[in-house]
Each structure stands twice: as C-alpha cells, then as structure tokens.
Amino acid sequence: MYSNVERTRWLRVAVGTVMMLCLGTLYAWSIFRAPFGALYPSWTTADLSMNFTISMVCYSAGGFLGGKLSKKTSNTVTALAAAVLIFVGFLGVSWLSADPETAKVQLYLFYGVLSGLGTGFGYNTIVSGVGGWFPDKNGLATGVLLTGFGLGTMLIGQLADALIPVVGLPTLFRAFAVVIAVVLALAVDGLIIFAIVKLNPVEVYQAMFSGAFGTARRSWVSIRDITILLSIGIGLAPAFKMKFWNIGAEGQITMGALGAAWVALNLNPDTPQPLMLLMMMAAAALCGGIWAFIPAIFKAKLGTNETIFTLMMNYVAIQLTSYFVAAWENPVGSNTVGVINQRTK
C-alpha cells in the first residue's frame, strides 16, 4: 500500500513538472519583446513593457481565481481551463492585426490577459495539488516543480530565439499554442487515467498510439478513417451554416458506400480501374444525396424536425446495409462481401 501511494505522489510530481515546463513560456517575454518591436516599429519600449506588466497582474489574479475554481470544482477542471486559456491566448497572438494600434490591444488581451490568467490557473493548481500529497516533503516537491517552471522559461526562450528567424512569430505562437495545450491536456488526462484504473499513463498512451499507428495496416486504417471523418465534417459545414441540423451523415455515407459496392459488384470485371472508380464515386454521391434529400423534402414541405428525421434515417441505412451484406456475402456464411471484382485492372 505504501509503495502505491509513493508511486502515485511521485507520478504527480513528474506530471506537474512537465506542466510547469510549459507554463514557464509566459516568462519568455524578454525573448519575444525584440521581434515584436521589429514587427511593429511604432511600438515604444513602454508599450512592450506594458504587455509583461499586464501578464504578471493577470498571472497573480489567475492564481487567486484558480484556487477558487478548484474549491468549487476540482484541480482537473482548473488545469483544463488553464490549457484552454493558454491555447486561445497564444493562438490569438499568432493572428495579430497589421494595424499597430489594433495589434497592441490584441497582444495585451491574448498574451497579457488570457495567457496570464491561464498560467496563474495552472500554477496554482499544480503547486497546491501536488503539495497536498507531500506533507512530509513539501519543500522538496515544491522545489522540483519550481525548477520545472524556471527551466521552462529558459528552454522555451532559447528555442524561441532559435526558431523566430526561421519560421517567424505567428507560426511559432501557433505551434506553441498547440503543443502547450496538448501537453497540459495529456498530463491532466494521465492523472485521471491513473486515478481511475491505476494504470501507467505512459503505457496507456503507448498502447493508444500503437493501436492507431503500430503497423502499416493500422496506420492505413487510421488515415482512412480520419479522411472519412474530415470529409464528413466538410460536407456538413454548409448545412450547419444554413441552420439545417443534419445528424444523418452516418446513414448518408453508409448508403453512399452501398451504392459504390453495388457498382463494383455488377460492372464487368474487365472494366478499367479509373472508369470503375469514377462510376463508384458517382453512385456513392447519388445514393448519399438521395438519402439526404428525403429528410430535406419532408422538412421543406411538411416542416418535420430534421434533427430527429436524419438521426432515424441512420438506423434505416444500417439495416439496409446489413441486408445487402447478407445478400451479397462471399463466401456464404462469412457475413462479408469478400474482395470485390478482383479482376479489375
């Protein structure tokens, strides 16, 4: 029992130190200051110093507010809030206006206020959360965390100094936004994983990565599924923009796949591959479009609720697919259609 407690609390120190490395980015303003001054020559020394002042004030306020939030919710919620604030803050810095005055206000808001608050949220959460596990070695645990915070400032500052001339400020801040948010989220999720299932978070993440990209076959399947999901998202965007809540993408893509499979099964096996693919795509678009048209016409003519209608159409599409897979199965009893049209060139 003692060894489990000991392992748990030192794991928290390790995770907290990694998070502190990321939070130290706020103090790297001395590295960012000169490039911002070169990008906006009209900014004075006082203008640039004001940003750091605002960030420090908001950092202090974030520590206080983060403590209040942790009491009302949990350290996990506060840490995730910190990740969101820093991500939005750094991402906002990467999109500063070309107008110097507008850009100055944006910098104060995104770097000073949001990133400052996020760093305060995270700092308070980590120090208080980890410190509670070390009543006997509180000074040691806190010292390790603060070392991570200081190293983060130094390491990220040096990294930024080397990368700014290569990629520029906007790209660098976009990269920092994504990396810091991902690291903070993974660290918090790691603590949740360990608290619930008592498994090593690193081993869990390794298993997840191996399951998705561990072999060439897994990588291909993951890329295929990612491509499908991204395509669905792009296709749904116009409907959502028009306030048409299409929840039937699953059914529509299923019917599209059914139409493509029908073409592949029934065309002459000697059909050239490019022609076969074009006809399959046409059939998929037609079948998916018809499946989307049905709830659309009911919405237009009868005022039905498209959310419920499109959702229910998913289940109809799944049952139709099950029927045709059984009808086309090869070999019989396999519940698959086998390799379709192997002779296609």
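Residues numbered from 1 in each chain as written. Predicted model: local features only at pLDDT ≥ 70, side-chain atom pairs only at ≥ 80, totals over all residues. Heavy atoms only, no water.

Section: the packing of aromatic side chains
Scanning all chains against the criterion turns up 21 aromatic pairs. For the pair F209 and F213, a centre-to-centre distance of 5.4 Å together with 45° between the ring planes defines the contact as tilted. Separated by four residues within a single helix, F209 and F213 lie in helix α8 (residues 201-213), roughly one turn from each other. F213 gets classed as partly exposed once you look at its relative accessible area, which sits at 37%. (Phe/Tyr/Trp six-rings, centres within 6.5 Å; stacked < 30°, edge-to-face > 60°. Helix = DSSP H or I, 4+ residues; strand = E, 2+ residues; numbered from the N terminus. Buried < 20%, exposed > 50% of the residue type's maximum accessible area, 1.4 Å probe, protein only.)

Regarding the environment of V182
When you line up the elements, V182 lands in helix α7 (residues 169-197). Taking the relative accessible area as the measure of exposure, V182 reaches 41% and is therefore partly exposed.

What to know about the packing of helix α2 (residues 29-39) against helix α6 (residues 138-167)
The geometry of α2 relative to α6 is characterised by a closest axis approach of 9 Å and an angle of 20° between their N-to-C directions. Taken together, the axes of α2 and α6 are roughly parallel relative to one another. Note on element contacts: α6 touches α2 through G157, A160, D161 and I164, opposite I31, F32 and P35. Here the contact of α2 with α6 is built from residues that sort into five nonpolar, one polar and one charged. (Axes fitted to C-alpha atoms, helices over the stretch in contact; angles between N-to-C directions. Parallel < 35°, antiparallel > 145°, perpendicular 65-115°, else oblique. Contact = heavy atoms within 4.5 Å. Nonpolar A, V, L, I, M, F, W, Y, C, P; charged D, E, K, R; others polar.)

What about the pattern of salt bridges?
Taken as a whole and judged by the stated rule, the model has four salt bridges. A salt bridge links E101 to K104, with the shortest nitrogen-to-oxygen separation between them at 3.4 Å. Highlighted residues: E101 and K104, both in helix α5 (residues 100-131), separated by three residues, approximately one helical turn. In this structure E101 comes out as partly exposed when scored by relative accessible area, which is 47%. We note a salt bridge from D225 to R224, for which the minimum N-O separation is 3.0 Å. (Salt bridge = Lys/Arg side-chain N within 4 Å of Asp/Glu carboxyl O.)

Overview of unusual backbone geometry
Backbone geometry places K243, a non-glycine residue, at a positive phi of 65°. As for its position among the elements, K243 is in the loop between α9 (216-241) and α10 (249-266). Judged by relative accessible area, K243 falls into the exposed class, the value being 58%.

A look at the confidence of the model for the chain
For the chain, per-residue confidence averages 86 on the pLDDT scale, and residues scoring 70 or more make up 94% of the total. By mean pLDDT, the top-scoring element of the chain is helix α3 (residues 45-72) (93), and the lowest-scoring one is helix α1 (residues 2-23) (74). (pLDDT = per-residue confidence, 0-100.)

Observations concerning the nonpolar core
Generally speaking, a soluble globular protein has its nonpolar side chains buried in company with each other. If you look at the biggest cluster of nonpolar residues, it comprises 52 residues, and the most contacted ones within it are F32, F36 and Y111. Those elements that place two or more of their residues in this core are α1, α2, α3, α4 (75-93), α5, α6 and α7. For this core, the leading source of residues is α5, giving 10 residues. Beyond its immediate chain neighbours, meaning those up to four positions away, F32 contacts T25, Y111, A160, I164, L169, L172, F173 and F176. (Core = buried A, V, L, I, M, F, W, Y, C linked by side-chain atoms within 4.5 Å.)

Quick notes on α10
Between its terminal C-alpha atoms α10 stretches 26 Å, which fits the 26 Å expected from 18 residues at 1.5 Å a residue. Listing the buried residues of α10 in full gives A249, G251, Q252, T254, M255, G256, L258, G259, A260, A261, V263 and A264. In this fold, the buried residues of α10 make contact with α9, α11 (273-302) and α12 (306-328). (Expected span 1.5 Å × (residues − 1).)

Side note on the side chain of N314
Looking at where N314 falls in the secondary structure, it is placed in helix α12. Every residue in contact with N314, bar those within four places of it in the chain, is listed here: I247, G248, A249, E250 and G251.

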